[in-house]
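# Secondary and tertiary structure notes
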Amino acid sequence: MIPAGARHDVVVIGGGQAGLAMSHCLRRDGLDHVVLERDLIAAEWRERRWDTFCLVTPNWQCRLPGFPYQGEDPDGFMGRDEIVRYLEGYAASFDPPVLEGVTVTEVRADGDRFLVRTDRGTLTANRVVVAAGPYQRPVIPRAAERLPARIRQLHSAEYRNPGALPPGDVLVVGTGQSGCQIAEDLHLAGRAVHLCVGSAPRVARRYRGRDVVAWLDLMGYYDRGIDEFDDHDAVRARANHYVTGRDGGRDIDLRALARTGMRLYGRLAGIEPDGLRCGDGLAADLDHADRVSESIKDAIDAFIADTGRQAPAEDRYVPVWHPPAEPGSPPLDRISAVVWCTGFRRDHSWLRVPVFDGTGYPVHHRGVTSFPGLYFLGLPWQHTWGSGRFSGVGRDAEHLAALLRGAAPEEPRYRIHADYRVHPELLGT
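The rules behind the values
- Residues numbered from 1 in each chain as written.
- Predicted model: local features only at pLDDT ≥ 70, side-chain atom pairs only at ≥ 80, totals over all residues.
- Heavy atoms only, no water.
- Helix = DSSP H or I, 4+ residues; strand = E, 2+ residues; numbered from the N terminus.
- Rg over C-alpha atoms; globule rule 2.2 N^0.38 Å.
- Contact = heavy atoms within 4.5 Å.
- Areas by Shrake-Rupley, 256 points an atom, 1.4 Å probe, with all protein chains shown as cover.
- Core = buried A, V, L, I, M, F, W, Y, C linked by side-chain atoms within 4.5 Å.
- Buried < 20%, exposed > 50% of the residue type's maximum accessible area, 1.4 Å probe, protein only.
- Expected span 1.5 Å × (residues − 1).
- Phe/Tyr/Trp six-rings, centres within 6.5 Å; stacked < 30°, edge-to-face > 60°.
- Patch = residues over 30% accessible without salt bridge, like charges linked within 9 Å, V, L, I, M, F, W, Y side chains within 5 Å.
- Salt bridge = Lys/Arg side-chain N within 4 Å of Asp/Glu carboxyl O.
- Lys, Arg positive; Asp, Glu negative; His and termini not counted.
- Charge placed at Lys NZ, Arg CZ, Asp CG, Glu CD.
- 1 Å grid on protein atoms, 1.4 Å probe; cavity = no way out; pocket = protein on both sides within 12 Å on 5 of 7 lines; lining within 4 Å.
- Points joined across faces, edges and corners; volume = space filled by probe spheres on them.
- Nonpolar A, V, L, I, M, F, W, Y, C, P; charged D, E, K, R; others polar.
- Axes fitted to C-alpha atoms, helices over the stretch in contact; angles between N-to-C directions.
- Parallel < 35°, antiparallel > 145°, perpendicular 65-115°, else oblique.
- Left-handed = near helix turned anticlockwise from the far one by under 90°.

Each helix and strand counted, the protein has ten helices and 21 strands in total. Taken over the C-alpha trace, the protein has a radius of gyration of 23 Å; the compact-globule value for 429 residues is 22 Å, and the two agree within 12%. Projecting the C-alpha coordinates of the protein onto the three principal axes gives extents of approximately 65 × 60 × 40 Å. Once local pairs closer than 6 in sequence are excluded, the contacts in the protein between residues at least 24 apart make up 71%. Accessible surface, the protein as shown: approximately 18700 Å² in total, 49% of it carbon and sulfur.

Laid out in structure tokens, this is it:
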């Protein structure tokens, strides 16, 4: 239980990489604080990732404050269990004041302080940092209620492995990173997979001798702040590019998977008693994904040419499969399970402070809200592409720590050159 009358200068809500990064900076600066975590440290990685899950960014991009990746495989991609061990090692390196198993039920302003109510008691804080991430509630469309009761339905957050699903064909809905990787996981295990394709772009794993992430890092893309985009909200809302770090990292080419037996369809448009209906945009969505990937290669080519770097030439991608004129719809009678890879929604209903816009997104600048003493950390594109990831959350934590200790924050230095920028409409995140 939380002792009656407990008070801290700073309360950090969330014990994932964002909350731990914030705690590291606060402890280093000698600021009194406590971290409240609903489950265990790294619970999201433990409980909401499938068995073969791995990072899609190289390990060298793991740059938590005071704890950069120092393993033996900097160009590899940590799997789920390795990520958990990395975060556990991070916590052990500085012993953060984390209270695990504490669910925050309400935060509200009370004069010049905040009341933080939990299921273990109430405490007060001068300042609050919300580091709970953006993925609170899995989204499953209401149309799912129309599926026959015999079909097992689960969200991507619940998926673990192919063997946990009943025998029969599997329908995967959605082709963001989770949808594509789960569909591939099932396909590689020999399951009959039907995939409803969406509008998410793809990216090549490697190009001209380097991981594409390494090229974009050299080009300064990951230093580009959200304020440099004219369409902030649109950039934040774009789907991530699908690619994988599995087996050392490779492309996810849905056309190649279709050529080897995966069935691709357009977006799921309806569920009727006599079957499923899909849209007719499959070819356009596949072409769009390829076009985005090639545009990124164009930017890399321009960077190499302009800087005089030596890099091996590489042939461009040629589509290996084209959908039929009428791809049809998944055979409902053969499907035994549906994996909904349809994303998450934010749930800040417990935060009773007026800082949200009409969509429920917290209004902030680099994590600083208009309400004195309330901050956010770990949101996608909070400041840069890496803000919600291991690569950039540490820099955002350092920025907030400078504010909290009363020091002038250091402004980031953008290294990106205008000639190398991939158009935001194509590159998205």
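Turning next to the nonpolar core. Core analysis: the largest hydrophobic core is formed by 65 residues, its most contacted members being M22, L254 and L264. The greatest single-element share of this core, amounting to seven residues, is contributed by helix α3 (residues 80-94). In this structure L254 touches T175, C180, L195, V197, Y242, L264 and L286, once residues within four positions along its chain are discounted. If you look at the next biggest cluster of nonpolar residues, it comprises 24 residues, including V212, I226, I296 and A311.

End to end, α3 covers 22 Å across 15 residues, agreeing with the expected 21 Å (1.5 Å per residue, within 8%). Where α3 is buried, its residues touch α1 (17-28), α2 (43-47), β3 (63-64) and β4 (67-68). One or two residues past the end of α3 sits D95, with phi positive at roughly 55 degrees.

All told, the structure shown has 14 aromatic pairs when counted by the stated rule. With a centroid separation of 6.0 Å and 55 degrees between ring planes, the pair formed by F114 and F371 is classed as tilted. Note that F114 is positioned in strand β7 (residues 113-118) and F371 in the loop between β20 (351-352) and β21 (374-376), a separation of 257 residues in sequence. Owing to a relative accessible area of 2%, F114 belongs among the buried residues under this scheme. For F371, a relative accessible area of 24% puts it in the partly exposed group. Their ring planes at 75 degrees and their centres at 6.3 Å tell us that W215 and F303 sit as a pair that is edge-to-face. One end of the pair, W215, is in helix α5 (residues 212-218); the other, F303, is in helix α8 (residues 282-307), with 88 residues separating them in the sequence.

Next up on the list: a negative patch on the surface. A cluster of acidic residues, E72, D73, D75 and E82, forms a negative patch at the surface. Looking at the secondary structure, you find E72 in the loop between β4 and α3.

The final tally for this structure, using the stated rule, is three cavities of 30 Å³ or more. Each pocket or cavity is described by its volume, and for the second largest cavity that value is around 40 Å³. Around the second largest cavity sit W50, T52, F53, C54, Q181, E184, D185, T244 and R246, which together line it. Residue composition of the lining of the second largest cavity, by class: three nonpolar, three polar and three charged.

Helix-helix packing is described using two parameters, namely the angle between the two axes and the distance between the axes. Contact geometry for α1 and helix α9 (residues 393-404): axes closest at 9 Å, N-to-C directions at 40 degrees. Judged by the angle between their axes, α1 and α9 are oblique. As for the relative orientation of α1 and α9, their crossing is right-handed in sense. Contacts from Q17, A18, A21, M22, C25, L26 and R28 in α1 reach V393, A397, E398, L400, A401 and L404 in α9. Grouping the constituent residues of the contact of α1 with α9 by class yields ten nonpolar, one polar and two charged.

In short, geometric facts, not functional conclusions.
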